[in-house]
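Fold and geometry: a report
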Amino acid sequence: MFLRKQQLAAATAVALALSAGGISAGAQDAAGEPVVVSQTVLDRLNAMQKTIDALHAKVEALEKEKAAAQQQPAPPTPANNPAQHAPAETAKPAAAPAIAEEKPAVDPYFKGFMRLWDSDTYLKFGGYVRVNLDVNDTKMADNTEFITSGIPVQGETNYGSGENVAFNGKASRIDFELRRKTDVGNLRIYYENDFFGGANNNYSYHFRQFYAQVGNLLGGQTSTTFTDDDIWPDIVDYQGPNSAAYVRQVQLRYTIPLLKKEESNLALSLAVEQPDSQIDATGAIAGAQSRNRQPDYVARLRYETNDWHVQLAGIARDLGYRDGNDNGQSVFGGGASLTAGTKVFGEDRIGVQLAGGYGIGRYFQDVSGLNADAALTAGGDLRPLPVLGAYATYTHQWSTRWRSSFTGGYLEVDNASGQAGSAFHRSAYASANVIWQPTKAFWVGAEILYGYNQHKDGRHGDAWQMQLSVNYDFVP
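For clarity, every value in this text was computed on a predicted model and none was experimentally measured.

**Concerning the overall build of the chain**
- Broken down by element type, the chain carries two helices and 22 strands.
- Considering the chain as a whole, with its 476 residues, one finds that 42% of them fall into the buried category.
- Excluding contacts between residues fewer than 6 apart, the proportion of contacts in the chain whose partners are at least 24 apart in sequence is 63%.
- In the form shown here, the chain has an accessible surface area of approximately 24200 Å², with 58% of it arising from carbon and sulfur atoms.

Next comes the structure, spelled out in structure tokens:
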């Protein structure tokens, strides 16, 4: 284009010189002698001038069209426009939906996903960086988590040990999500980890979730079907309420829609989940080890609307142990959980849980891992331990940027006569916070927590914690 413009300019200059004063019918040379030019030559020169003028006009028109095209974005094509195929967002991407979603795998309004090459699979990276400053008035079993069952009681080494400070970023998370539309339903694959694999300031990889969901069928590790992720408190501390029925484990879950209306849903979920008999018998029987003969069976009935939901879940378990001679016992365990959450006073929210049963201790935050499922009586019989846990949480939205949450919980295990005096008996938990969130991706929170821990023999202890957290999400 540049050469063509230069050539046109040169030709135009020659033509103008010839036509304007260089050659004419009555022109003279340098000596004053007349130059004779035929009318035919003049006619050809005039024709050339008109052609050059027309070419000039075409070049200017093309340049204007090019400038206008550069100011307008190129229209997307179906082959390279992920917005036409991006997956639908879920309300809580960190946990599997309680009721299987029926939104399409492609949604032109969903942001954050990117298309993988020329496939129909979309990928989204997520997570956050979080820094916590914890100040306790007592040195606990793990100073980076407020676990009330780890509060020292009378007679233990760290009872009344005084102030202890912990500064860490172990709560930081990394996750990714894959979406694809298939012939049998919408595929969702979710992965998540943090760095709570070690106690105190030991930063170790901690696997949290990895599952796949196609339509109504889910398989992999995620929150147990027995829990209710939607009432989890808006807290700063990592651990959460002592009495929350919450554990992540491998499972197969199928959800059956029973009722679907425009603003409400009713669904039944059935699951088989990873068993783990946590038996308090190792101290009384040499070589005793837990034995899992069947998976845990869980059923959940959930009704939800845009503003509130209620959920009833039940669980059945087979608990047992074997000693070094392959002798042992087995007992039945089972329980139920009733949860509900609702909006109040505009954007405020309330969540409540009441859960209990026999032999389901490991499903509660405070005693998971403490062999609180079953224990031996003084006569040597295996007994499933009765357990009861309840908590309530309230979140108040002070303004668009400020909010606070208040949470209280109570957990109690009815101990067997054969358990040691140091066995967990009951605990209480309370927390209050204020969170400032100036942007969608950034928030700062300050929280105060109180915990009480009591053993079977009556010895007890309590602790306070002040926590400050700064959080920045990768993808707002």
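**A look at the packing of aromatic side chains**
- Scanning the entire structure with this criterion turns up 11 aromatic pairs.
- Considering the side-chain rings of Phe-176 and Tyr-191, the 5.2 Å spacing of their centres and the 25 degrees angle between planes classify their relative orientation as stacked. Taken as a pair, Phe-176 in strand β4 (residues 173-182) and Tyr-191 in strand β5 (residues 185-194) lie far apart in primary sequence, 15 residues in all.
- Residue Phe-176 is classed as partly exposed on the basis of its relative accessible area of 22%.
- Its relative accessible area of 13% is what places Tyr-191 among the buried residues.
- Counting every residue linked through ring pairs, the aromatic cluster contains Phe-176, Tyr-191, Phe-207 and Phe-210.

**Brief notes about the nonpolar core**
- Formed by 20 residues in total, the largest nonpolar core has its most connected members in Phe-226, Ile-360 and Phe-364.
- Of all elements in the fold, only β13 (308-322) and β19 (402-413) reach the threshold of two or more residues within this core.
- Other than its neighbours up to four places away in sequence, Ile-360 contacts Phe-226, Ile-315, Arg-317, Gly-334, Gly-335, Asp-373 and Val-387.
- Ranked by size, the runner-up nonpolar core spans 10 residues in total, among them Ile-285, Tyr-321, Val-331 and Leu-376.

**Quick word on the pattern of salt bridges**
- On inspection of all chains with the given rule, the structure shows 17 salt bridges.
- Salt-bridge contacts for Glu-192 lead to Arg-208; the nearest nitrogen and oxygen are separated by 2.7 Å. Highlighted residues: Glu-192 in strand β5 and Arg-208 in strand β6 (residues 206-214), separated in sequence by 16 residues.
- When salt bridges with common partners are traced through the structure, they connect Arg-173, Glu-192, Asp-194 and Arg-208 into a single cluster.

**Remarks on the confidence of the model for the chain**
- Per-residue confidence for the chain averages 84 on the pLDDT scale, and 81% of its residues sit at or above 70.
- Residue range residues 1-5 is modelled with pLDDT below 50. Its contacts to residues more than four positions away, or to other chains, number two contacts.
- Note that pLDDT drops below 50 for residues 11-27; the model gives that stretch 20 contacts with residues more than four away or on any other chain.

**Quick notes on the side chain of Asn-132**
- Within the secondary structure, Asn-132 sits in strand β2 (residues 121-136).
- There is a polar contact of 2.5 Å between the side chain of Asn-132 and the side chain of Ser-469.
- Beyond its immediate sequence surroundings of up to four residues, Asn-132 is in contact with Ala-166, Phe-167, Asn-168, Ala-171, Gln-467, Leu-468 and Ser-469.

**Overview of the sheet that holds strand β17 (residues 382-384)**
- Pairing is mixed in the open sheet, where three strands are placed in the order β10-β16-β17. Two strands lie at the open edges of the sheet, namely β10 (279-280) and β17, each paired on one side alone.
- Inspection of the sheet shows β10 paired to strand β16 (residues 374-376) by two bridges, in the parallel sense. Paired with Asp-280 across the two strands is Ala-375, which belongs to β16.

Conventions adopted
Residues numbered from 1 in each chain as written. Predicted model: local features only at pLDDT ≥ 70, side-chain atom pairs only at ≥ 80, totals over all residues. Heavy atoms only, no water. Helix = DSSP H or I, 4+ residues; strand = E, 2+ residues; numbered from the N terminus. Buried < 20%, exposed > 50% of the residue type's maximum accessible area, 1.4 Å probe, protein only. Contact = heavy atoms within 4.5 Å. Areas by Shrake-Rupley, 256 points an atom, 1.4 Å probe, with all protein chains shown as cover. Phe/Tyr/Trp six-rings, centres within 6.5 Å; stacked < 30°, edge-to-face > 60°. Core = buried A, V, L, I, M, F, W, Y, C linked by side-chain atoms within 4.5 Å. Salt bridge = Lys/Arg side-chain N within 4 Å of Asp/Glu carboxyl O. pLDDT = per-residue confidence, 0-100. Polar contact = N/O pair within 3.5 Å; in protein donor to acceptor, adjacent residues only side chain to side chain. Pairing = 2+ DSSP bridges.

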